[in-house]
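Commentary on secondary and tertiary structure
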Amino acid sequence: DRVVRPDPAALPAPAPEPAAAPVREPDERAVRLAERRAARAAALREQVLALLGSAPLLHSQDRDDEASSALTEALTLLDLEHQRTGPANVWERSHRARALLLRSGLERDRGGFDLALGDTKAALELAAALSSSDRDDMQSLLLRARAQSELGRIMCDAGRADEAAPVVGETLPALERIVRQ
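The sections below set out a description of the structure shown in this document. (Residues numbered from 1 in each chain as written. Predicted model: local features only at pLDDT ≥ 70, side-chain atom pairs only at ≥ 80, totals over all residues. Heavy atoms only, no water.)

A few points about the pattern of salt bridges
A complete count under the given rule lists 14 salt bridges for this structure. For the salt bridge of Glu176 with Arg180, the shortest nitrogen-to-oxygen distance reads 3.8 Å. Of this pair, Glu176 and Arg180 both sit in helix H6 (residues 161–180), four residues apart, which is roughly one turn of the helix. Judged by relative accessible area, Glu176 falls into the partly exposed class, the value being 46%. Judged by relative accessible area, Arg180 falls into the exposed class, the value being 65%. (Salt bridge = Lys/Arg side-chain N within 4 Å of Asp/Glu carboxyl O. Helix = DSSP H or I, 4+ residues; strand = E, 2+ residues; numbered from the N terminus. Buried < 20%, exposed > 50% of the residue type's maximum accessible area, 1.4 Å probe, protein only.)

Observations concerning unusual backbone geometry
The phi torsion at Asp62 lies on the positive side, around 60°, for a residue other than glycine. Position of Asp62 among the secondary structure elements: in the loop between helix H1 (28–60) and helix H2 (64–85). Relative accessible area serves as the criterion here: at 69%, Asp62 is assigned to the exposed category.

A word on the nonpolar core
One finds Val48, Leu52, Leu78, Leu143, Leu151 and Met155 to be the most contacted residues of the largest nonpolar core, which totals 33 residues. Listed by contribution, the elements that provide at least two residues to this core are H1, H2, helix H3 (90–110), helix H4 (113–133), helix H5 (138–157) and H6. Other than its neighbours up to four places away in sequence, Val48 contacts Ala74, Leu77, Leu78 and Trp91. (Core = buried A, V, L, I, M, F, W, Y, C linked by side-chain atoms within 4.5 Å. Contact = heavy atoms within 4.5 Å.)

Some points on the environment of Glu81
As for its placement among the helices and strands, Glu81 is situated in helix H2. Here the alpha-carbon distance between Glu81 and Arg93, two residues 12 residues apart in the chain, equals 9.8 Å. Leaving out residues up to four positions away in the same chain, Glu81 has contacts with Leu44, Arg45, Gly86, Asn89, Trp91 and Glu92. A polar contact is formed between the side chain of Glu81 and the side chain of Arg45, at a distance of 3.0 Å. Engagement of the side chain of Glu81 in a polar contact is seen with the side chain of Asn89, the distance being 3.1 Å. (Polar contact = N/O pair within 3.5 Å; in protein donor to acceptor, adjacent residues only side chain to side chain.)

Let's talk about the packing of H2 against H3
It is the contact of H2 with H3, at a shortest axis distance of 10 Å, that shows an interaxial angle of 160°. Looking at the two axes, H2 sits roughly antiparallel to H3. Of the two elements, H2 crosses H3, and the hand of that crossing is left-handed. Mapping the contact onto sequence places Asp64, Asp65, Ala67, Ser68, Leu71, Leu75, Leu78, Asp79, Glu81 and His82 in H2 and Trp91, Glu92, His95, Arg96, Ala99, Leu100, Leu102, Arg103, Leu106 and Arg110 in H3. (Axes fitted to C-alpha atoms, helices over the stretch in contact; angles between N-to-C directions. Parallel < 35°, antiparallel > 145°, perpendicular 65-115°, else oblique. Left-handed = near helix turned anticlockwise from the far one by under 90°.)

Below is the structure:
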């Protein structure tokens, strides 16, 4: 029982390994451009957050014109973010809804119920779209409930309690669900 081993020289040569794709060094200009774009995007979002944070503080100090300007500027920056990233940007849409709710509260306190209702309805539409796309996202559910309750409050303040009752009634089940989760 002898084992015969083949002569290695008689074996066919292994297939050559495929040539690796050449490694391209990143173009420095492209890298710098990407870095600048990322920095601008981060700076834009930081500005939006700062403006949204300053508006309620300014309002609490009876500096309503400055608060209104801060919210207008935040919404303008959110428009730029929307142009840059497109309609699927959840961050932009949720912060736009928050900005609209802040502005509606400011207008409500000034007695501008029509403007406040328009902003609140727009915020509710955004929040509803966000919460229906992800029914387990607590932030969007809270945003929707907040917009609904704010809409009911503005309607009551505007003397439209009959219209406000069903809106507030829709808010209660949403709040119960949030509390249960």
